[in-house]
Amino acid sequence: MTIKMVALDLDGTALNERGKLSERTKAAFRAAQEKGVHIVIATGRCEHSLPQELFETEGLEYLITSNGARTISAATEQVYYENYIDPAAIRAVYDLLKPRGVYIDVFFDGRAYISNLEYEAIRVGEITTRNRNYVLNTRQPVTNIYELLLENQDHIENININCINQEEKRYFAELLKQIDHITVTQSTPLNHEIGGETTSKADALSHLLNMLGLKREELMVCGDSPNDIAMIRYAGLGVAMGNAEAEVMAAADVVTAPNDEDGVALAIERYVL
């Protein structure tokens, strides 16, 4: 198998536990690019939630964001592909969730928005189920998150439901089954990530491969969370991180080292270089 594209999840995969790309990972990116291999980040984060380090990393070529809703150039931020949630599905989500007062994040135009009430509760420590520093650095608080959702219903990338416990998560999982033309995945133990009917990292990668004239058999991917399973199964070589959840490991062809032990660099060195 000749690998010509490597796609990597970000949190828990390409980034170490300090939220950084290790020097070994950066060196693997450069060496792979020198061989003509395309390096792609495929993440649930939106564009403006990404670390600035990514846009300055040599060898990194494309960024797939919001679980596949957008594909952009790492160097120029040019948008190559978009796959948004259908407005009718947006209105169905609105009708289902707003009366229940659930907190949501809304992604559009490469940015993530949050209710100012939830933002403040996280800031002062009333809500502890979310990463405080991450939310404060990547979310823009607004007065009425649900009205913002409707106002931008024709270009919504993703909607995140952030639950307080597993019981609430199961409750909303059943509710979301009532809505047609959406996908639901997760990247943390307590969230639901709502995307378009065909939105996934695998879908975005298929369009990128077609654009570059490559085959799925020439694709290697690495991931650790359920929102990575579709691309792991799609790729010619699906790699689970050593810190991945059990269902992710079950979907993969091979398992590499954990993210904090340069698992991505190891996979690139072994299967690409």
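So, a few notes on the structure that sits alongside this text.

About the thresholds
- Residues numbered from 1 in each chain as written.
- Predicted model: local features only at pLDDT ≥ 70, side-chain atom pairs only at ≥ 80, totals over all residues.
- Heavy atoms only, no water.
- Pairing = 2+ DSSP bridges.
- Helix = DSSP H or I, 4+ residues; strand = E, 2+ residues; numbered from the N terminus.
- Axes fitted to C-alpha atoms, helices over the stretch in contact; angles between N-to-C directions.
- Contact = heavy atoms within 4.5 Å.
- Buried < 20%, exposed > 50% of the residue type's maximum accessible area, 1.4 Å probe, protein only.
- Salt bridge = Lys/Arg side-chain N within 4 Å of Asp/Glu carboxyl O.

1. Regarding the sheet that holds strand S11 (residues 191-196)
Thought 1: Taken together, the 6 strands give an open sheet; going across it, the order is S8-S7-S6-S9-S11-S10, and neighbouring strands pair in mixed fashion. Edge strands, defined here as strands with exactly one partner in the open sheet, are strand S8 (139-142) and strand S10 (182-185). Strand-to-strand, the axes of this sheet are offset by a mean angle of 25°, without reference to chain direction.
Thought 2: Sheet topology places strand S7 (residues 111-115) next to S8; 4 bridges connect them, and they run parallel. Across the sheet, Ser-115 pairs through a bridge with Val-142, a residue of S8.
Thought 3: Running over the sheet, helix H4 (residues 87-97) touches strand S6 (104-108), strand S9 (156-162), S10 and S11 and is turned about 20° from S9.

2. Examining the environment of Tyr-62
Thought 1: With respect to the element layout, Tyr-62 can be found in strand S3 (residues 60-65).
Thought 2: In this structure Tyr-62 comes out as buried when scored by relative accessible area, which is 7%.
Thought 3: Linking Tyr-62 and Tyr-80, residues 18 residues apart in sequence, is a C-alpha distance of 9.5 Å.
Thought 4: Here Tyr-62 is in contact with His-38, Ile-39, Val-40, Ile-41, Ile-72, Ala-74, Tyr-80, Leu-208, Met-211 and Leu-212, once residues within four sequence places are set aside.

3. Re the pattern of salt bridges
Thought 1: Applying the stated criterion to the full structure yields 16 salt bridges.
Thought 2: The salt bridge partner of Glu-120 is Arg-123, with a shortest N-O separation of 2.6 Å. Of this pair, Glu-120 and Arg-123 are both found in helix H5 (residues 116-124), 3 residues apart, which corresponds to roughly one turn of the helix.
Thought 3: Taking the relative accessible area as the measure of exposure, Glu-120 reaches 34% and is therefore partly exposed.
Thought 4: Take Arg-123: its relative accessible area is 38%, and that puts it in the partly exposed class.
Thought 5: A single network of salt bridges, built from pairs that share partners, joins Glu-47, Arg-70, Glu-82 and Glu-157.

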